[in-house]
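Examination of the molecular architecture
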Amino acid sequence: MPIWLEAGLWGLVGGGALVLGALVAWFARVPQAVVATVMAFGAGVLISALAFDLVDEAQRAGGLAPTVAGFLAGSVVYVVANTLLARRGARHRKRSGDQQPSEGDSAGSGAAIAIGALLDGVPESIVLGLSLLGGGGVGVGVLAAVFISNVPEGLSSAAGMRRAGRPARYVFGVWVGIAVASGLAALLGNALLAGASPTTVAVITAVAAGAILAMLADTMIPEAFERAHAATGLITALGFLTAFAIGHAG
């Protein structure tokens, strides 16, 4: 199997976790405290992947200056885009409660939420595609982090969409579309950067890492803290340690 196609399939697997979470939210009433707990755990998993599988590897491959520049660029681009989408009604797109607006409350919020979900998911998928460039197979730590964090993301956001009165065709249309886009992002990330220099790959990896960390701080951790409160820090730490152990097993 061509590596670019394998990258696309792994990206689809990671994005498919969003659909899995949405299915759980749609057909089962999951207590919001449970959603927050899983969200905090997923945030810890992603932070571990950022620290050990993305930023550290980018620095080793391309040096400190390109890594810092890429990381800051990714953070800034994400924050600016997220701020613009928040003004259109997508501020609480990962919330499971009553915070998400309906289309009647904020016209165009449905499209903004969908674009916001895409903004959240693409950087993770690009990183999955890049992890295959070394020829050693997909990065297990990154894949585990993306999958584990995407389940509560899809669960929480879909629960909020349902409470806002959005129909099933919208909810699952968004998450299936994001899953497909995730596969394409991983495929293109791998195919377009297959012959790139280590510095270029390092910068792109750092850009994605910066965007992911900004996403965690802006969307996932606030949702987790709102319901889990004082336990959020401990649960996040457990997620961090779990991902660290997976990445260093064997």
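What comes next is a walk through the structure. None of the values given here were measured: they were computed from a predicted structure. (Residues numbered from 1 in each chain as written. Predicted model: local features only at pLDDT ≥ 70, side-chain atom pairs only at ≥ 80, totals over all residues. Heavy atoms only, no water.)

Along its length, the chain carries eight helices and zero strands. For the chain, the α and β elements follow one another from N to C terminus as α-α-α-α-α-α-α-α. When each of the 250 residues of the chain is scored for burial, the buried share is 49%. Considering only contacts in the chain between residues 6 or more positions apart, those separated by 24 or more positions represent 84%. Within the structure as shown, the chain displays about 10,800 Å² of accessible surface, and the carbon and sulfur contribution to it stands at 70%. (Helix = DSSP H or I, 4+ residues; strand = E, 2+ residues; numbered from the N terminus. Buried < 20%, exposed > 50% of the residue type's maximum accessible area, 1.4 Å probe, protein only. Contact = heavy atoms within 4.5 Å. Areas by Shrake-Rupley, 256 points an atom, 1.4 Å probe, with all protein chains shown as cover.)

Before going further, it helps to examine the environment of Ala-25. One can find Ala-25 in helix 1 (residues 3–27). Counting along the chain gives 130 residues from Ala-25 to Leu-155, while the straight-line C-alpha distance between them is 5.1 Å. Beyond its immediate chain neighbours, meaning those up to four positions away, Ala-25 contacts Leu-155, Ala-158, Ala-159 and Arg-162.

This part covers the nonpolar core. Ranked by size, the top nonpolar core spans 26 residues in total, and within it Leu-46, Leu-54, Ile-212, Leu-216 and Met-220 carry the most contacts. The greatest single-element share of this core, amounting to nine residues, is contributed by helix 7 (residues 198–228). In this structure, Ala-22, Trp-26, Val-174 and Trp-175 belong to the second largest nonpolar core, which totals 19 residues. (Core = buried A, V, L, I, M, F, W, Y, C linked by side-chain atoms within 4.5 Å.)

Attention now goes to the packing of helix 1 against helix 5 (residues 140–163). Axis separation between helix 1 and helix 5 bottoms out at 7 Å; the angle between their running directions is 35°. Here helix 1 runs over helix 5; the crossing is right-handed. The residue inventory of the contact of helix 1 with helix 5, partitioned by class, reads 17 nonpolar, five polar and two charged. (Axes fitted to C-alpha atoms, helices over the stretch in contact; angles between N-to-C directions. Left-handed = near helix turned anticlockwise from the far one by under 90°. Nonpolar A, V, L, I, M, F, W, Y, C, P; charged D, E, K, R; others polar.)

Turning to the pattern of salt bridges, a few remarks are in order. Here the structure, examined in full by the defined rule, presents one salt bridge. Measuring nitrogen to oxygen at the nearest pair gives 2.9 Å for the salt bridge that ties Arg-60 to Asp-56. One end of the pair, Arg-60, and the other, Asp-56, are both in helix 2 (residues 32–62), four residues apart, so they sit about a helical turn from each other. Relative accessible area serves as the criterion here: at 28%, Asp-56 is assigned to the partly exposed category. (Salt bridge = Lys/Arg side-chain N within 4 Å of Asp/Glu carboxyl O.)

Turning to a nonpolar patch on the surface, a few remarks are in order. A cluster of nonpolar side chains, namely Met-1, Trp-4, Leu-5, Leu-9, Leu-12, Val-176, Val-180, Leu-184, Leu-188 and Leu-192, defines an oily patch on the protein surface of about 960 Å² accessible area. Put simply, the parts of the chain that give the nonpolar patch at least two residues each are helix 1 and helix 6 (168–192). With five residues, helix 6 is the single largest residue contributor to the nonpolar patch. Topologically, Trp-4 is positioned in helix 1. Look at Trp-4 and you get partly exposed, because its relative accessible area is 41%. (Patch = residues over 30% accessible without salt bridge, like charges linked within 9 Å, V, L, I, M, F, W, Y side chains within 5 Å.)

Relative orientation of the contacting elements helix 5 and helix 6 amounts to 155°, with a least axis distance of 10 Å. Classified by the angle between their axes, helix 5 and helix 6 sit roughly antiparallel to one another. Between helix 5 and helix 6 lies a crossing whose hand is right-handed. From helix 5, Gly-154, Ser-157, Ala-158 and Met-161 reach across to helix 6, where they touch Tyr-170, Val-171, Val-174 and Trp-175. Of the residues in the contact of helix 5 with helix 6, the class split is six nonpolar, two polar and no charged. (Parallel < 35°, antiparallel > 145°, perpendicular 65-115°, else oblique.)

Of the volumes computed, that of the second largest pocket is approximately 210 Å³. As for the second largest pocket, its lining consists of 10 residues, of which Ala-25, Arg-29, Val-30, Ala-159 and Arg-163 are closest to the centre. By residue number, the principal contributor to the lining of the second largest pocket is helix 5, which donates four residues. Each residue belonging to the lining of the second largest pocket can be placed in one class, and the counts come to five nonpolar, two polar and three charged. (1 Å grid on protein atoms, 1.4 Å probe; cavity = no way out; pocket = protein on both sides within 12 Å on 5 of 7 lines; lining within 4 Å. Points joined across faces, edges and corners; volume = space filled by probe spheres on them.)

Here the focus is helix 2. With 31 residues, helix 2 ought to run about 45 Å at 1.5 Å a step, and its terminal C-alpha atoms sit 42 Å apart, in line with that. Residue Leu-50 marks the point of greatest curvature in helix 2, where the axis turns by about 40°. Following helix 2 by one or two positions, Gly-63 adopts a phi angle in the positive range, close to 100°. (Expected span 1.5 Å × (residues − 1). Bend = angle between axes of the 7 residues up to and from the residue.)

What is shown is where atoms sit, not what they do.
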